[in-house]
Amino acid sequence: MSRYTPEEKVKLARHPERPGTADFIDALFTDFFEQRGDRLCGEDPSILGGIARFHDRPVTVIGHRKGKDLEENLRCNFGMPSPEGYRKAQRLMRQAEKFSRPIITFVDTPGAYPGKEAEERGQGEAIAQCLALMSALEVPTIAIVTGEGGSGGALALAVANRVLMLEHAVYSVLSPEGFASILWKDSSRAGEACGVMKLTAQDLRRGGIVQGVLREPEGGVGTRLVNLDRDLLVIPNLAVHMNRDINSGYAYNPQADMLPLMGLLSTIG
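Residues numbered from 1 in each chain as written. Predicted model: local features only at pLDDT ≥ 70, side-chain atom pairs only at ≥ 80, totals over all residues. Heavy atoms only, no water.

**Focus: the nonpolar core**
Part 1 of the reasoning: Phe29, Ile62, Met93, Phe106, Met165 and Tyr171 are the most contacted members of the largest nonpolar core, which totals 44 residues.
Part 2 of the reasoning: One finds Ala180, Cys194, Met197 and Leu199 within the second-largest nonpolar core, a separate group that totals nine residues. (Core = buried A, V, L, I, M, F, W, Y, C linked by side-chain atoms within 4.5 Å. Buried < 20%, exposed > 50% of the residue type's maximum accessible area, 1.4 Å probe, protein only.)

In structure tokens:
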């Protein structure tokens, strides 16, 4: 698991052939019914969510969606949600709480969309509401970082009872390019920043920020998982983790459930 450098893991996490939320839904769930719109302003395709069955149990599934080709990348804004996407996620979470459905989220985003129009529609408030809502949910919640976990845009779907990461996923308070630009005023030192930021799954597992790391196929998850070959380790291992965590049941503990959030925020310094 240590044969790749942090910089190489960032490249693997960003690989265009890495599976997205739709791929994991197809592989792990049945009877998926997509739900759209935030019931306030509009629909944001960069957040995919709905109801599905996991081992015949109804669950709510929510995740970032980057797209698989240029047309879909543009439609999904390269996986950078606007406020409507986060408010859609909140709507689905409240619905899950009402009907006692476990919530599973898939995290893969470079960050929330930073555009002027997103800020005008309350991007910061929408993310903050996601954090507050997930911190108080009483249904079991599992978050899986499958690729990039960038900044508050990722954290908005990752305040969960259990946070898992794929072996070559990354999770950090900002991108390595942003880190290098702020700290050294030189974005070309992004590779160096990858090693400083402690953003790999292994670093975060050692720090207690995530509770599990799921092995990937040799060379990282790519076209082989996009083809949904169920012989790969990551799919059955992920299913085992999810089944165990959902069936164990959680009692809401605000102090304990906020520890991963506080741990990630502490890496800013």
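**Re the pairing of strand S3 (residues 57–64)**
Part 1 of the reasoning: Here S3 lies mainly inside the structure; six of its eight residues are buried.
Part 2 of the reasoning: In the sheet, strand S2 (residues 47–54) pairs with S3 via eight bridges, with the strands oriented antiparallel. Counterpart to Ala52 in the pairing with S3 is Val59.
Part 3 of the reasoning: Adjacent in sequence and paired antiparallel, S2 and S3 are bridged by two residues, among which His55 carries a positive phi angle near 55 degrees.
Part 4 of the reasoning: Note: S3 against strand S4 (residues 103–109), four bridges, orientation parallel. Paired with Thr60 across the bridge in S4 is Ile103. (Helix = DSSP H or I, 4+ residues; strand = E, 2+ residues; numbered from the N terminus. Pairing = 2+ DSSP bridges.)

**Quick notes on a nonpolar patch on the surface**
Part 1 of the reasoning: A cluster of nonpolar side chains, namely Leu70, Leu74 and Phe78, defines an oily patch on the protein surface of about 320 Å² accessible area.
Part 2 of the reasoning: Relative to the elements of secondary structure, Leu74 occurs in helix H3 (residues 70–75).
Part 3 of the reasoning: Exposure remark for Leu74: the relative accessible area of 55% places this residue in the exposed category. (Patch = residues over 30% accessible without salt bridge, like charges linked within 9 Å, V, L, I, M, F, W, Y side chains within 5 Å. Areas by Shrake-Rupley, 256 points an atom, 1.4 Å probe, with all protein chains shown as cover. Salt bridge = Lys/Arg side-chain N within 4 Å of Asp/Glu carboxyl O.)

Structural measurements only, silent on function.
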